[in-house]
Amino acid sequence: MTSPLPSDDFKALDQTLLQLLTALEVVLIARPLATVLGEEEEVTGAQLRTLRFLDSVEFALVGDIAAGLGISYPAATKAVDRLCDRGLAERYRDAMDARRIQVSLTPRGKSVLQEVQSERTRYLQGIFQQMPQTPADFNVQLLALLREITRDPDVLEAIRRQSGQL
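To start, this report covers the structure provided alongside it.

Rules behind the numbers
Residues numbered from 1 in each chain as written. Predicted model: local features only at pLDDT ≥ 70, side-chain atom pairs only at ≥ 80, totals over all residues. Heavy atoms only, no water. Helix = DSSP H or I, 4+ residues; strand = E, 2+ residues; numbered from the N terminus. Expected span 1.5 Å × (residues − 1). Buried < 20%, exposed > 50% of the residue type's maximum accessible area, 1.4 Å probe, protein only. Arc of directions from axis to C-beta. Polar contact = N/O pair within 3.5 Å; in protein donor to acceptor, adjacent residues only side chain to side chain. 1 Å grid on protein atoms, 1.4 Å probe; cavity = no way out; pocket = protein on both sides within 12 Å on 5 of 7 lines; lining within 4 Å. Points joined across faces, edges and corners; volume = space filled by probe spheres on them. Nonpolar A, V, L, I, M, F, W, Y, C, P; charged D, E, K, R; others polar. Pairing = 2+ DSSP bridges. Core = buried A, V, L, I, M, F, W, Y, C linked by side-chain atoms within 4.5 Å. Contact = heavy atoms within 4.5 Å.

**A word on helix α4 (residues 73-85)**
Working step 1: Taking 1.5 Å of rise per residue, the 13 residues of α4 would be expected to cover 18 Å, and the 18 Å separating its terminal C-alpha atoms lies within 8% of that figure.
Working step 2: When α4 is considered as a whole, its buried residues turn out to be Ala 76, Ala 79, Val 80 and Leu 83. Projected onto a plane normal to the axis of α4, the buried residues spread over an arc of 95° and lie on a single side. Exposed positions of α4 whose direction lies more than 90 degrees from the buried face are Pro 74 and Asp 85.
Working step 3: Where α4 begins, the side chain of Ser 72 points an oxygen toward the backbone nitrogen of Ala 75, at a separation of 3.1 Å.

Shown next, in the form of structure tokens:
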């Protein structure tokens, strides 16, 4: 068994992880979205998660999106409104129950998701060309860390919601 890290080491690790989260938000979400959509058409990380959720299902009710992403109904409604305004998602009435409004991705929404993923892949390939470690080796280390962190059921549930794996 390893001895616990000194407090200063934990503080440094905590700081590094927080900086990593911020950096990942920029390079894996904000920058690819700006590249694909242009700077003038802002789509937030929350809206991208909504797109990813919609991509994992054929259609969803706003309540399904809220529950699936662990956000409030008004927040889900706002995200859907903005995505529909940008032509990335669309609403339509349920054929069986006209009171229910379903949401799905438009072809443009699917295309944007694919382009964002391509941008992210290109970026990561560039990073790993400069690192002595292979992406597979790094992934193994990250998965080990993730496995330990996801022992917390709340963390695991949040990851599942965000990836649309309910």
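**Structural notes on the layout of surface pockets**
One way to see where empty space is left: roll a probe the size of a water molecule over the atoms.
Working step 1: Roughly 1600 Å³ of volume is contained in the largest pocket.
Working step 2: What lines the largest pocket is a set of 33 residues, among which Leu 21, Leu 24, Leu 28, Leu 142 and Leu 146 lie closest to the centre.
Working step 3: Residue assignment for the lining of the largest pocket shows that the elements contributing at least two residues are α1 (7-37), α2 (45-56), α5 (107-129), α6 (135-149) and α7 (153-163).
Working step 4: Looking at which element gives the most residues to the lining of the largest pocket, the answer is α1, with ten residues.
Working step 5: Of the residues assigned to the lining of the largest pocket, the class counts are 24 nonpolar, four polar and five charged.

**A word on the sheet that holds strand β2 (residues 89-93)**
Working step 1: Pairing within the open sheet is antiparallel, and its three strands lie in the order β1-β3-β2. The sheet terminates laterally at β1 (60-61) and β2, the two strands that pair on one side only.
Working step 2: The sheet contact formed by β2 and strand β3 (residues 101-105) spans five bridges and is antiparallel. Of the residues in β3, the one forming a bridge with Arg 93 is Ile 101.

**Observations concerning the nonpolar core**
Working step 1: Core analysis: the biggest nonpolar cluster contains 23 residues, and Leu 33, Leu 48, Leu 51, Leu 54, Ile 65 and Val 103 have the highest contact counts within it.
Working step 2: Those elements giving two or more residues to this core turn out to be α1, α2, α3 (62-69), α4, β3 and α5.
Working step 3: In this view, Ile 65 contacts Thr 50, Phe 53, Leu 54, Ala 60, Ala 76, Val 80 and Val 103; residues no more than four positions away in its chain are not counted.

Function cannot be read off these values alone, since they describe shape.
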